[in-house]
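For reference, the chains in residue letters:
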Amino acid sequence: MEILNTNRLILRTMKEKDFDILFDKIFSNKNVVANTFGSSGFTKKETEEFLRTHGNFDSSIGLSVLLEKQTKTIIGLAGILSCTYLDEEDYEIGFILEETSWGKGYAKEIGLAQIQQIKNLCKNRALATASKRNVASSKSLFSLGFRLVKESKDKIRGERLIYSLQL
């Protein structure tokens, strides 16, 4: 199921057949994992467990597969997730791009679509998180209008910077 469609990107629900591609492009890449999870990588089994737990297989909310529209190639994960970082029910935007897709403006492009998706849910705030080491993601979030509000530690994703955007 297609969730979002931008000029260059398609966000769609996940399928089990995506797991191997996502492992190769995201979860086994030390640079990607260090920037998003603060760790050195995932095993195939850990990847499958993470995707089964956090993946979106049938709705518009959750971690979904991000494709480059022209080639229909998987370039990462993105989606909006329920969260309570600021002690209220909120939605967090998120994106994890394969390393070869960094620096092409995809984060800002999918981020703008995700912000609109949250607005359509009648929310007055969007949140986002980034690893403290991931300067590029922080820059993308600032360019989308997010502001840093606090730091946090997540069991799976490590030390996180929490950003907020008033809608």
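The rules behind each value
- Residues numbered from 1 in each chain as written.
- Predicted model: local features only at pLDDT ≥ 70, side-chain atom pairs only at ≥ 80, totals over all residues.
- Heavy atoms only, no water.
- Buried < 20%, exposed > 50% of the residue type's maximum accessible area, 1.4 Å probe, protein only.
- Helix = DSSP H or I, 4+ residues; strand = E, 2+ residues; numbered from the N terminus.
- Arc of directions from axis to C-beta.
- Salt bridge = Lys/Arg side-chain N within 4 Å of Asp/Glu carboxyl O.
- Contact = heavy atoms within 4.5 Å.

Draft legend 1. Main features of helix α5 (residues 135-143). Every buried residue belonging to α5 is among Ser137, Ser138, Ser140 and Leu141, and all of these are buried. In a view along the axis of α5, the buried residues occupy a sector of 160 degrees, so they form one face of it. Those residues of α5 that are exposed and angled more than 90 degrees off the buried face are Val135, Ala136 and Lys139. Following α5 by one or two positions, Gly145 adopts a phi angle in the positive range, close to 100 degrees.

Draft legend 2. Highlighting the pattern of salt bridges. Per the counting criterion, the structure on display carries 9 salt bridges. Across the pair Asp90 and Arg125 runs a salt bridge whose closest N-O atoms are separated by 2.8 Å. Residue Asp90 is found in strand β5 (residues 90-97), and its partner Arg125 is found in strand β6 (residues 125-131); the two are separated by 35 residues along the sequence. A relative accessible area of 5% means that Asp90 is categorised as buried. For Arg125, a relative accessible area of 12% corresponds to the buried category. Ionic contacts of the salt-bridge type, sharing partners, join the residues Glu16, Glu48 and Arg52 into one network.

Draft legend 3. Inspection of the side chain of Asn56 at higher detail. Counting through the fold element by element, Asn56 comes out in the loop between α3 (44-54) and β3 (64-68). When near neighbours in sequence (up to four residues on either side) are disregarded, Asn56 contacts Ile3, Thr13, Met14, Ile61, Gly62, Leu63 and Ser64.

Draft legend 4. Fine view of the environment of Ala136. If you trace the backbone, Ala136 turns up in helix α5. Exposure remark for Ala136: the relative accessible area of 53% places this residue in the exposed category. Considering only alpha carbons, one finds Ala136 and Leu97, 39 residues apart in sequence, at a separation of 11 Å.

Nothing here speaks to function; it is all geometry.
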